[in-house]
Amino acid sequence: MALQQLADWLFTPFLEYAHGTTPRYHRRILVISGTESFCDSSCYALIALAPQSITIAQFGDSKTRKHVLGTECDIAFFDCQKSFSAGDMMAVAGTIKHGGCLVLICPDLKQWASKVKTSSLSHGYTLTYSSYIARMVEKLKSNADVAIYSDSQLHLPTLRQPLIPALDNCHYDKQIFASDEQARGFNELTTFDQSKPCRALVTAPRGRGKSSLLGIVASELVRQGKRILLTSSLSDNVAQIFKFANKQLGVAYIGNHHIHCNQGELKWVAPDNEQLTAQLSQHTDFIIVDEAASFPLPLLKTIIGSHQNWILSTTLQGYEGSGNGFVQKLLPTLLSSKAEDSEGKDSEGKGPDTEGNAPLPKHIKLTTPLRWYDEDPIEQFILDTCLFEKSGSNHVQQEYSERISVNISDTTFTLSEVKSLNDDMLCQVMQLLTLAHYQTTPDDLMRLVDSPDIQLATLTYSNSVIAAAIINVEGGKPFASLAQQIATGERRPKGHLSAQRLALLAADASLATLKYWRINRIAVSPALQSKGYGSFLLSEIKSCANQHAIDALTTSYGTTTALDSFWTNNGFSIVDKGRKPNKASGETSALAFCAMTEAANQSLKLLMSLFKWQKDRIDIATVPEEIQAILMKKLQHFVAGSRPLDDVWLILTLLFAALKDNENAFFGHAINQKKKGSLRYLNNNDVLTAMSSHEINIAQLKRQLNANGIKDITRILREEIKLLFM
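Below is a summary of the structure that appears in this document. (Residues numbered from 1 in each chain as written. Predicted model: local features only at pLDDT ≥ 70, side-chain atom pairs only at ≥ 80, totals over all residues. Heavy atoms only, no water.)

### Focus: the environment of L46
Mapping L46 onto the fold places it in helix 2 (residues 36–49). Spatially, the C-alpha atom of L46 lies 6.2 Å from that of A7, the residues being 39 residues apart in sequence. Beyond its immediate chain neighbours, meaning those up to four positions away, L46 contacts L3, L6, A7, L10, F11, L30, I32 and F77. (Helix = DSSP H or I, 4+ residues; strand = E, 2+ residues; numbered from the N terminus. Contact = heavy atoms within 4.5 Å.)

### Focus on the side chain of S603
Topologically, S603 is positioned in helix 19 (residues 598–616). Excluding its chain neighbours within four sequence positions, the residues that come into contact with S603 are L511 and L514.

### Concerning empty space enclosed by the protein
By the definition in use, this model includes 6 cavities of 30 Å³ or more. By volume, the largest cavity amounts to about 130 Å³. In terms of lining residues, the largest cavity is bounded by 12 residues, among which M90, R206, W372, E379 and I382 are the most central. Broken down by element, the residue count for the lining of the largest cavity peaks at 4 residues, all from helix 10 (residues 377–385). (1 Å grid on protein atoms, 1.4 Å probe; cavity = no way out; pocket = protein on both sides within 12 Å on 5 of 7 lines; lining within 4 Å. Points joined across faces, edges and corners; volume = space filled by probe spheres on them.)

### Notes on the side chain of D443
Mapped onto the fold, D443 is located in helix 13 (residues 442–450). On the basis of relative accessible area, D443 is assigned to the buried category, the value being 14%. Separated by 3.0 Å, the side chain of D443 and the backbone nitrogen of A86 make a polar contact. (Buried < 20%, exposed > 50% of the residue type's maximum accessible area, 1.4 Å probe, protein only. Polar contact = N/O pair within 3.5 Å; in protein donor to acceptor, adjacent residues only side chain to side chain.)

### Some remarks on helix 5 (residues 180–190)
Burial runs high along helix 5: 8 of the 11 residues are buried. Of the surrounding secondary structure, the elements contacted by the buried residues of helix 5 are strand 7 (199–204), helix 6 (210–223), strand 13 (310–315) and strand 15 (362–365).

### Describing the layout of surface pockets
The space that makes up the second largest pocket amounts to roughly 1,300 Å³. Lining of the second largest pocket is provided by 50 residues; of these, H98, A178, P369, L370 and R371 occupy positions nearest its centre. Those elements that place two or more of their residues in the lining of the second largest pocket are strand 4 (96–106), helix 5, helix 6 and helix 7 (239–249). Ranked by the residues each element gives to the lining of the second largest pocket, the list is headed by helix 7, at 5 residues.

### Observations concerning the packing of aromatic side chains
Any aromatic ring pair is given by two values, namely how distant the centres are and how the planes are angled relative to each other. For the coordinates displayed, the defined rule picks out 10 aromatic pairs. An angle of 25° between the planes, with centres 6.1 Å apart, marks the rings of Y557 and W567 as stacked. Of this pair, Y557 sits in strand 20 (residues 552–558) while W567 sits in helix 18 (residues 561–569), and the two are 10 residues apart along the sequence. As far as the burial class goes, Y557 and W567 line up, both buried. Ring plane angle 70° and centroid distance 5.9 Å describe the contact between W649 and F656, whose orientation is recorded as edge-to-face. Pairwise contacts between aromatic rings join Y557, F566, W567 and F572 into one cluster. The positively charged end of R28 is found above the aromatic ring belonging to W9, 4.8 Å away from the centroid. (Phe/Tyr/Trp six-rings, centres within 6.5 Å; stacked < 30°, edge-to-face > 60°. Lys NZ or Arg CZ within 6 Å of the ring centre and 35° of its normal.)

### Comments concerning the sheet that holds strand 6 (residues 153–155)
Read across the open sheet, the 6 strands follow the order 2-3-4-1-5-6; overall the sheet is mixed. The open sheet terminates on both sides in strands that have one partner only, identified here as strand 2 (56–59) and strand 6. Averaged over all pairs of adjacent strands, the angle between their axes in this sheet comes to 20°, without regard to strand direction. (Pairing = 2+ DSSP bridges. Axes fitted to C-alpha atoms, helices over the stretch in contact; angles between N-to-C directions.)

### Considerations on the sheet that holds strand 20
With respect to topology, 7 strands assemble into an open sheet ordered 16-17-18-19-20-22-21, the strand pairing being mixed. Single-partner strands in this sheet number two, and they are strand 16 (412–416) and strand 21 (573–577). The average angle at which neighbouring strand axes cross in this sheet is 25°, direction not considered. Across 7 bridges, strand 20 lies against strand 22 (residues 589–595) in antiparallel orientation. The partner of T554 across the bridge, within strand 22, is F593. Along the sheet face, helix 18 touches strand 19 (515–524), strand 20 and strand 21 and points at about 175° away from the line of strand 20.

### Remarks on the nonpolar core
Counting residues in hydrophobic clusters, the biggest one holds 60 residues, and the most contacted among them are F593, L631, L652, F666, L682, L705 and L717. Discounting residues that sit within four places of it in the chain, L682 has contacts with F656, L659, L688, M691, L717, E720, I721 and L724. Counting 55 residues, the second largest nonpolar core, distinct from the first, contains F381, L432, I454 and L456. (Core = buried A, V, L, I, M, F, W, Y, C linked by side-chain atoms within 4.5 Å.)

### Re the packing of helix 21 (residues 645–660) against helix 25 (residues 710–724)
As a packed pair, helix 21 and helix 25 sit with axes 12 Å apart at the nearest point and diverge in direction by 45°. Here helix 21 lies oblique to helix 25, going by the angle between them. When you trace helix 21 past helix 25, the crossing you get is left-handed. Contact residues: L645, W649, L652, L655, F656 and L659 in helix 21; I710, I713, T714, L717, I721 and L724 in helix 25. In terms of residue class, the contact of helix 21 with helix 25 is built from 11 nonpolar, 1 polar and no charged. (Parallel < 35°, antiparallel > 145°, perpendicular 65-115°, else oblique. Left-handed = near helix turned anticlockwise from the far one by under 90°. Nonpolar A, V, L, I, M, F, W, Y, C, P; charged D, E, K, R; others polar.)

### Re the environment of I29
Along the polypeptide, I29 turns up in strand 1 (residues 28–33). Setting aside residues no more than four positions away along its own chain, I29 makes contact with W9, C101, L102, L104, L140, D145, V146, A147, I378 and F381.

### Describing unusual backbone geometry
Negative phi characterises most residues that are not glycine, and trans characterises most peptide bonds. Here N262, not a glycine, exhibits a phi torsion of approximately 55°, which is positive. For N262, the location among the structural elements is in the loop between strand 10 (258–261) and strand 11 (264–269). Its identity is not glycine, yet N706 carries a phi of approximately 50°, on the positive side. Along the chain, N706 turns up in the loop between helix 24 (698–705) and helix 25.

### What about the packing of helix 19 against helix 20 (residues 625–640)?
Their axes nearest at 10 Å, the elements helix 19 and helix 20 cross at an angle of 75°. The orientation of helix 19 with respect to helix 20, classified from their angle, is roughly perpendicular. Seen from helix 19, the contacting residues are L606, S609, L610 and W613; seen from helix 20, they are E626, I627, I630, L631 and K634. Its residues placed into classes, the contact of helix 19 with helix 20 shows 6 nonpolar, 1 polar and 2 charged.

Listed below in structure tokens is the structure:
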């Protein structure tokens, strides 16, 4: 009886549509909670009772998540019985149409928080209770719009009908556009001075018609004879763009994401396609990058630098990362001037960019929901629960936007666990951290709440968070039994990033067992930046670290002149810089160290000496003895197979120089001259000369060593170096 009542509630909106009536309903959330057998049998029964006219999708793991974009369904079953991902739930919810339902399948609500399995915990820590899930359960239970079905409960809320504004006075073609914003955005993107570049950014939360707008715009450009390259991380994600483009063109031929019409065409290419980076190609008139926030920044720079006309689009919230962070933090580095904020307004009267005579980049914002109605229950639940957004959640920035400063002495410093915050403070902290870091995902926020090795430092003023820092507790006792294997590179347990990097850097097991606080993220309200609040927050963190007998504070960040100055001015020393830029940001990472104890001070001296050698690339005759010992250890680890080639390349260049000069020893270790004579490659001066560069040249190494690839190169070098020191 209960199951039939549930089916009637679930399918009523679709049955009324089928009978010719046109009632409109908000989307809904249904929670099916209980044992695995109860949940599975309930879902099978509901699916069997579903009308044939509706579309049902089932999701149970993250493997299908990236393929969700661009799809739609009426009802989505999301299985959370074994694991839960907030990003997955958001992606699935974004596919559900008007009147549809998100079905969450989970353990008994009373037990769910204690049954969560996670693979992201740092070594030495366990999680027996998820505060994040407990918070979400309370929000589900207290939400009047959420239906709950278990073996002991059936709660069915009244179906809600939205308030739909009259469209009688609309000034756009409803046969083409779904909103006035779309129509105005279309005009912005298709009616431009053909003699000047067209550059634009299209942003929107999910379900606002971004893909359909891009499809309609692309169809018009194709009709004008333009040749367009469209790129995205997956070809399936642009299915909606092609659907709407083909609909408008009508007679166009479509096949394998490729449309032709007259002299124009729309073609999807993978992000690594060379056509995207061909300088001012005569065969391409326009570039469209979908979900630009998920692209590596260096690639985006190359793409837009290679073409005069381009459109970047990105979702403002989602599992791809923080679109808001992309717009505010990274977009300015892509563009040479500030973006024009069109918000659908007429751009008439806007002058050209004085540098290069190009119009200012347009910013088209879509805010009206199309796949669901305004004040949608699912969207409001996700904003509150997964993204920690509430109406007015950005009040911190607004409240102080007109203030010059807040007296630091009037602020309150607190160090606590994230889960101990009340809901309002938690939302403020998460919004501040999300805004400061463009790659933040909903799953990151879940980890911040639940990870037992995380502490939160905040500065508050008048109940508002104005600065925050995430601190990871690292090293210490959890690493005692693994310290030696970490220092050699044999083991890489989860978490403890700076403790592991330092031990590996100095080949010193004792560095793994020092107690660290790593400043994972630090953020200050945008209106209050560069006024000393970040430095004050760090000084308070140092005081607490002393009280907790912490050996050192560390941090890792994308190095820039400004950030290097910030950290060094606050007592940190840069002890390492990465050799490869981050694929997403294009920045090279820096590791900074602030000693709090005498033991850490001694380690810092060694780390600084090692960093100086690496940075200055001192020749073999001037390498300090303590550094020689470290370099020889690393070389031995390489030969033993625990360190990769790029980690010891600078050491190898010194060895190659010693071999070329016929030295009898290397850093005090005798070179077996008899074995050297039998070597195939490292006894050849031409080969040694070719391998003397401080930068690894894989193509050259393959030629010199007759190797097939990096693995083969590494094998050959390990074998020959081993013989030298037998």
